[in-house]
2 protein chains.
Amino acid sequence: MATPLIALAETAEPCCALGEGPLGPEDAERLAGQLAALADPMRLRVLSHIAAQGCEAVRACELEELLGLSQPTVSHHLKKLVEAGLLSRSRAGRSVHYGVVPGAFAEIRRVLDLG
Amino acid sequence: MATPLIALAETAEPCCALGEGPLGPEDAERLAGQLAALADPMRLRVLSHIAAQGCEAVRACELEELLGLSQPTVSHHLKKLVEAGLLSRSRAGRSVHYGVVPGAFAEIRRVLDLG
DNA sequence: GGTACACATTGACGTTCGTCGATGTTCTGT
DNA sequence: ACAGAACATCGACGAACGTCAATGTGTACC
């Protein structure tokens, strides 16, 4: 991937809404990066599962059986979601907990405000 | 593409929001299809350009010079956006006009309501 | 009818993505 | 220290994607 999506979570600078102005190439690239992280069935199911349980404290192993995917593949998807700034990662003993970053989706919804 | 996205525009049946329930595989697939249509810099710029001009009556040729892409590539992106139910297509003499489908983005924003 | 314009489709190419098995890393308990 | 558990990384493979040149399909005007 050319532009690391981690930079998004750092700067936290919101992309301009689609309706306001023509949306330059660099903003379009960044927004597309966020949406690409969402544009996968398995990752959407991961987010939905975590959100349905209170947006916190989900271990990777339970996602493995939920999705029917191998452990490396689940780890791969989780990494993408963290890089996009949608999930947060925290160790808890041997396991790792993943939670939804508060406000991350509100950001995206705001950009899509042109209906 | 396995599942045609056109079916979305026909049924108009909204996916359940991410927070409500675990989000089954088929709903996840459909939502991912919509988001995949958005997850491209050029297509975002197309939508932004159309929205900035009043969501109606944009000819493909002016998008060609805006994006700096070849004519077949622009046509390809427009087709994807129409299939995803985000753009509407209508002939006007020799040229073709593309407009933003009203309510299409509100639909997606509603699904992402868990921030 | 014939020519020119605006757009769509086809076929091909390089790149990226999702997935897996194998292996590495980090922590716990004995 | 050792064995095992939980997760991350690596390398490889097939599929899908974005892009283009070449060609096809309508539509308008003379």
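This structure is a prediction, so every number in the text was calculated from the model and none was measured. (Residues numbered from 1 in each chain as written. Chains lettered and ligands numbered in written order. Predicted model: local features only at pLDDT ≥ 70, side-chain atom pairs only at ≥ 80, totals over all residues. Heavy atoms only, no water.)

**Description of the protein's contact with DNA strand D**
Every one of the 26 residues lining DNA strand D counts as a neighbour, but Gln71(A), Ser75(A), Arg89(A), Tyr98(A) and His77(B) are closest to it. In DNA strand D, atoms within 4 Å of the protein come 70% from sugar and phosphate. Residue Ala60(A) places a main-chain N or O atom 3.4 Å away from a phosphate oxygen belonging to DNA strand D. Between Thr73(B) and DNA strand D, the recorded distance is 2.9 Å, taken from a side-chain N or O atom to a phosphate oxygen. Where the surface near DNA strand D is concerned, the elements lending two or more residues are α4 (60-67), α5 (71-83) and β3 (95-100) of chain A together with α3 (41-52) and α5 (71-83) of chain B. (Near = heavy atom within 4 Å. Polar contact = N/O pair within 3.5 Å; in protein donor to acceptor, adjacent residues only side chain to side chain. Helix = DSSP H or I, 4+ residues; strand = E, 2+ residues; numbered from the N terminus.)

**Topic: the relation of the copies chain A and chain B**
In the superposition of chain A on chain B (RMSD 0.1 Å, axial shift 0.0 Å), the rotation amounts to 180°. Between the two chains, the operation in question is that of a two-fold axis. Of every C-alpha in chain A, the one belonging to Arg109(A) sits nearest the axis of rotation, 2.6 Å from it. In this assembly the copies share their binding face: 100% of the residues contributing to the interface of chain A also contribute to that of chain B. (Least-squares fit on C-alpha atoms with pLDDT ≥ 70 in both. Contact = heavy atoms within 4.5 Å.)

**Considerations on the interface of chain A and chain B**
Contact with chain A, which involves 33 residues of that partner, is made by 33 residues of chain B. Counting the surface chain A buries against chain B, the share from its top three residues, Leu44(A), Arg109(A) and Leu112(A), is 21%. Taken together, chain A and chain B are joined by 2 salt bridges. Taken together, the links from chain A to chain B amount to 6 residue pairs in polar contact (both at pLDDT 80 or more). For the side of chain A that touches chain B, the secondary structure elements donating two or more residues are α2 (25-38), α3 (41-52) and α6 (104-111) of chain A. Examining the composition of the side of chain A that touches chain B, we find that 8 residues originate from one element, α2(A), more than from any other. Considered class by class, the residues forming the side of chain A that touches chain B number 22 nonpolar, 6 polar and 5 charged. (Buried area = accessible area lost by both parts, 1.4 Å probe. Salt bridge = Lys/Arg side-chain N within 4 Å of Asp/Glu carboxyl O. Nonpolar A, V, L, I, M, F, W, Y, C, P; charged D, E, K, R; others polar.)

**Comments concerning the pairing of strand β2 (residues 87-92) of chain B**
If a strand is regular, its side chains alternate between the two faces of the sheet. Residue and element names in this part refer to chain B. Pairing geometry for β2 and strand β3 (residues 95-100), over 6 bridges, is antiparallel. By the bridge assignment, alanine 92 is partnered in β3 with serine 95. The hairpin formed by β2 and β3 contains 2 residues between the paired strands, and glycine 93 there has a positive phi angle of roughly 70°. (Pairing = 2+ DSSP bridges.)

**Things to note about the sheet that holds β3(B)**
All names here are of chain B. If you trace the 3 strands from one edge of the open sheet to the other, you get β1-β3-β2, paired in antiparallel fashion. Each edge of the open sheet is held by one strand with a lone partner, namely β1 (58-59) and β2. Summarising the sheet, β1 and β3 pair through 2 bridges and their orientation is antiparallel. Bridge pairing in β3 links valine 58 to tyrosine 98.

**Let's talk about the protein's contact with DNA strand C**
Around DNA strand C, 25 residues are found, and the nearest of them are His77(A), Gln71(B), Ser75(B), Arg89(B) and Tyr98(B). The protein-proximal atoms of DNA strand C, defined as those within 4 Å of the protein, are 65% sugar or phosphate. Between Gln71(B) and DNA strand C, the recorded distance is 2.8 Å, taken from a side-chain N or O atom to a base nitrogen. Taking Ser75(B), its side chain carries an N or O atom lying 2.7 Å from a phosphate oxygen of DNA strand C. If you tally residues by element for the surface near DNA strand C, the top one is α5(A), at 5 residues.

**Quick notes on the sheet that holds strand β2 (residues 87-92) of chain A**
Backbone-to-backbone hydrogen bonds pair the strands of a sheet. The strands run either parallel or antiparallel. All names here are of chain A. Spatially, the 3 strands line up as an open sheet ordered β1-β3-β2, and their pairing is antiparallel. Both outer strands of the open sheet, β1 (58-59) and β2, are each paired with one neighbouring strand and no more. Strands β2 and β3 of the sheet are contacted by α5, whose axis makes an angle of about 120° with β2. (Axes fitted to C-alpha atoms, helices over the stretch in contact; angles between N-to-C directions.)

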